[in-house]
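Structural characterization, general
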Amino acid sequence: MKLVAELLAIPRFSNLRLLTDPLTAEIPVDSIEITETPDIAHYIPEHTFILSTAMVYKDNQGALLELIDSLVAKNAAGLGIKIGRFLDVIDPEVIAYADSLGFPIVEVPATMPLGRLMHQLLNLLWNTKTEQLSYALDIQKRFSASLMKDVSIARFIADFGQMVNTPIILLNPFKQVIAHSKHFTRMSKPAEYYIHQLGQTKGVFTGEKSGAIPIKDLHEKTSQISYYAIETSTYFPHYLVILNPEAIPYPVSDFALEQAALVLSFMLYKNQKVQESFEDLKSDFLTRMIEYQQSTKQEQKDWLDLGKTYGLVKARHYRVIYGACEPTKETKGKDKYLKEESDLVYQWFSEQLPYSIKDVCLFRLKGSNHFAIFVQHKCDALEDHLIETANALTNRLPFRMAFGVGSVCESINDLASSYIEAKTAYEERRGQHDSSIVSFYHQRGMRSLFEKMSPEDIHYFCRTILKELAFPQEDATIELRKTLRAYLDYQCEITRTAKALFVHRNTIKYRIEQCQKLLGKNVHDPSISLDLRLALELSEEGD
């Protein structure tokens, strides 16, 4: 048995308006009848709620007082009058009289057919599955309209919480609260408290699309919590969390909750696709900028003006970081998983890095699961911030990060150089299996050009160019090699070389002459000088 007030509180009957005092609605209802007969009280059982157009009272509403008396005598539950057909408005004297007797009068809008209203109310009273299904579809229709009107996620959750009359929380794939119903403004604990409690329970959010568990608060009071996966991706869903689901009023059913979750998944998916479109524009911009700065361009472009929409700002310090989530043995080759993983990593760093690095902006890299981070101000603790943010992500999801950091440049027109250095540092770190997740770019000079040559080829080159000075064993030859190297390092200036080696100028002259005799070449010839420098560098380990 339900009270009139409970029926009127159900969202789908929100168009019904109680005209009398709210206290008059505290009357139980057993049945619903439609009638236009003035003597209906003789034919109904107690606790029946009457629906009518009041056709016979069109020209004499005063006669409604006799009908009310008869219904009160029969312990009827109330009278619902449909306006707009025969009565445009219910006489205030009729309402006042019903109020004095504690009898509820309800106004039914002209747009609501009485037959359908009776059917819905009876189904609800009789607790049938038909009403649950109808209500679930009603929820879907209502929230689908919200989707078309571009209602925000926060508004959706607030409306949903009001509809089911219990606290609602929405979590992102990182298990962070991104929206909750207004119930928490009146509760002693914030939404995050309950999510923390839920996260402490083994098995929650791991594989099962839905579940229900009991948790205890600080006062050892047990509460029930249900959660439903909201799937916008295959591997990393959002979650809808409902506190005290047992308190949800009829006719809200599991099917109704599933319909709401379905609409919510569409809303989240739509927002995701809108954001992806913007990220594609950013990615295209980055590609154009890098390619243009590397080309033999004829004129400079105002990249700050072109990129201000994407977060570029004027600064004296620019630096690029190349980042990615590294696949494991289990995920390698799973392209869909890696794509979703990359999307979440990008989202996490886009949201978290601005808290620690000023004016930072991120770009996806076209055709890959990697991304670039632009640091636009000096940041002394850059490595610490990257590691801290990466570790915070790893604590929530099993992702393993890696970064390459390029050199600092003073102009945004040189960002391409920092980008290439950052990518190089990232790729070298992967090849070395470095334990640190952050690798900085280091200049390696000409020696790096010969890294892929075999030791035999390098040895042959050094012997050919330096001859006896390539890998000397005798002290005298070692001194000649040392002098030649210093002489070339100081641009063939005798005085500077002499000061560096703490010997007389004539000694330097003599040793250089001896070197030229051994080599059979003029060390001052630019082309020969370059070969000598390379050979000396490559044979350095033989000194």
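Keep in mind that this is a model prediction, so the values were computed, not measured.

**Brief notes about the overall build of the protein chain**
Helix and strand counts for the protein chain come out as 17 helices and 17 strands. Across the 543 residues of the protein chain, 46% fall into the buried class. Sequence-distant contacts in the protein chain: of pairs separated by 6 or more residues, those separated by 24 or more amount to 65%. Carbon and sulfur atoms make up 51% of the accessible area of the protein chain, which totals about 29000 Å².

**Section: unusual backbone geometry**
Phi angles above zero are rare outside glycine, and Ala-54 is one such case at about 60 degrees. Examined against the element boundaries, Ala-54 turns out to sit in the loop between β5 (48-52) and α2 (64-73). Positive phi, normally seen in glycine, also occurs at Asn-75, with a value near 60 degrees. Among the structural elements, Asn-75 can be located in the loop between α2 and β6 (78-82).

**Some remarks on the packing of aromatic side chains**
Two aromatic rings, taken as a pair, are described by how far apart their centres are and by the angle between their planes. Under the counting rule described, the total for this entry stands at 20 aromatic pairs. Considering the side-chain rings of Phe-184 and Tyr-194, the 6.1 Å spacing of their centres and the 55 degrees angle between planes classify their relative orientation as tilted. With Phe-184 in the loop between β9 (177-180) and α7 (191-199) and Tyr-194 in helix α7, this residue pair connects regions lying 10 residues apart in the sequence. Between Phe-278 and Tyr-310, the ring centres sit 5.8 Å apart and the planes meet at 50 degrees, which makes this aromatic pair tilted. Of this pair, Phe-278 sits in helix α8 (residues 254-294) while Tyr-310 sits in the loop between α9 (303-307) and β13 (319-325), placing them 32 residues apart in sequence. Given the relative accessible area of 30%, Phe-278 is considered partly exposed. Given the relative accessible area of 15%, Tyr-310 is considered buried. Three or more aromatic residues link up through ring pairs in this structure, and these residues are Phe-278, Phe-285, Tyr-292, Trp-303, Tyr-310, Phe-363 and Phe-374. Directly above the ring of Tyr-193 sits Lys-189, whose terminal nitrogen or CZ lies 5.6 Å from the centroid. A cation sits over an aromatic face here: Arg-364 above Tyr-346, 4.4 Å from the ring centre.

**A short note on the environment of Ile-83**
Relative to the assigned elements, Ile-83 resides in the loop between β6 and α3 (92-101). Note: C-alpha distance between Ile-83 and Ala-54 (29 residues apart in sequence) is 8.6 Å. When neighbours within four sequence positions are excluded, Ile-83 is seen to be in contact with Asp-88, Ile-90, Glu-107, Val-108, Pro-109 and Ala-110.

**Structural notes on the pattern of salt bridges**
One pass over the structure, following the stated rule, counts 14 salt bridges. Between Arg-17 and Glu-107 there is a salt bridge, with its nearest N and O atoms 3.1 Å apart. Remark: Glu-107 occurs in strand β7 (residues 105-108) and Arg-17 occurs in strand β2 (residues 17-18); sequence separation between them is 90 residues. The salt bridge partner of Arg-485 is Glu-537, with a shortest N-O separation of 3.0 Å. Here the residue Arg-485 occupies a position in helix α14 (residues 475-489), and Glu-537 occupies one in helix α17 (residues 526-538), the gap between them amounting to 52 residues. You can call Arg-485 partly exposed: its relative accessible area is 23%. One network of salt bridges, with partners in common, ties together Lys-339, Asp-343 and Arg-364.

**Some remarks on the layout of surface pockets**
Volume-wise, the largest pocket comes out at about 1200 Å³. Gln-272, Gln-275, Asp-343, Gln-347 and Arg-364 are, among the 45 residues lining the largest pocket, the residues nearest its centre. Every element with two or more residues in the lining of the largest pocket is listed here: α8, α10 (335-352) and β14 (361-364). Top element by residues in the lining of the largest pocket is α8. It accounts for 12 residues. Tallied by class, residues from the lining of the largest pocket come to 16 nonpolar, 17 polar and 12 charged. Both domain 2 (129-269) and domain 3 (305-443) contribute no fewer than three residues apiece to the lining of the largest pocket.

**Considerations on the nonpolar core**
With 30 residues, the main nonpolar core has Phe-349, Phe-371, Ile-373, Leu-386, Phe-399, Met-401 and Phe-403 as its most contacted residues. Of all elements in the fold, only β13, α10, β15 (371-375), α11 (382-394) and β16 (401-405) reach the threshold of two or more residues within this core. Broken down by element, the residue count for this core peaks at seven residues, all from α10. Leave out the neighbours within four places in its chain, and Met-401 touches Ala-324, Cys-325, Glu-326, Val-345, Phe-349, Phe-371, Ala-390, Leu-393 and Ile-437. Membership of the second largest hydrophobic core comes to 26 residues, among which are Leu-286, Leu-365, Ala-422 and Tyr-426.

The rules we used
- Residues numbered from 1 in each chain as written.
- Predicted model: local features only at pLDDT ≥ 70, side-chain atom pairs only at ≥ 80, totals over all residues.
- Heavy atoms only, no water.
- Helix = DSSP H or I, 4+ residues; strand = E, 2+ residues; numbered from the N terminus.
- Buried < 20%, exposed > 50% of the residue type's maximum accessible area, 1.4 Å probe, protein only.
- Contact = heavy atoms within 4.5 Å.
- Areas by Shrake-Rupley, 256 points an atom, 1.4 Å probe, with all protein chains shown as cover.
- Phe/Tyr/Trp six-rings, centres within 6.5 Å; stacked < 30°, edge-to-face > 60°.
- Lys NZ or Arg CZ within 6 Å of the ring centre and 35° of its normal.
- Salt bridge = Lys/Arg side-chain N within 4 Å of Asp/Glu carboxyl O.
- 1 Å grid on protein atoms, 1.4 Å probe; cavity = no way out; pocket = protein on both sides within 12 Å on 5 of 7 lines; lining within 4 Å.
- Points joined across faces, edges and corners; volume = space filled by probe spheres on them.
- Nonpolar A, V, L, I, M, F, W, Y, C, P; charged D, E, K, R; others polar.
- Domains from an automatic or database assignment.
- Core = buried A, V, L, I, M, F, W, Y, C linked by side-chain atoms within 4.5 Å.

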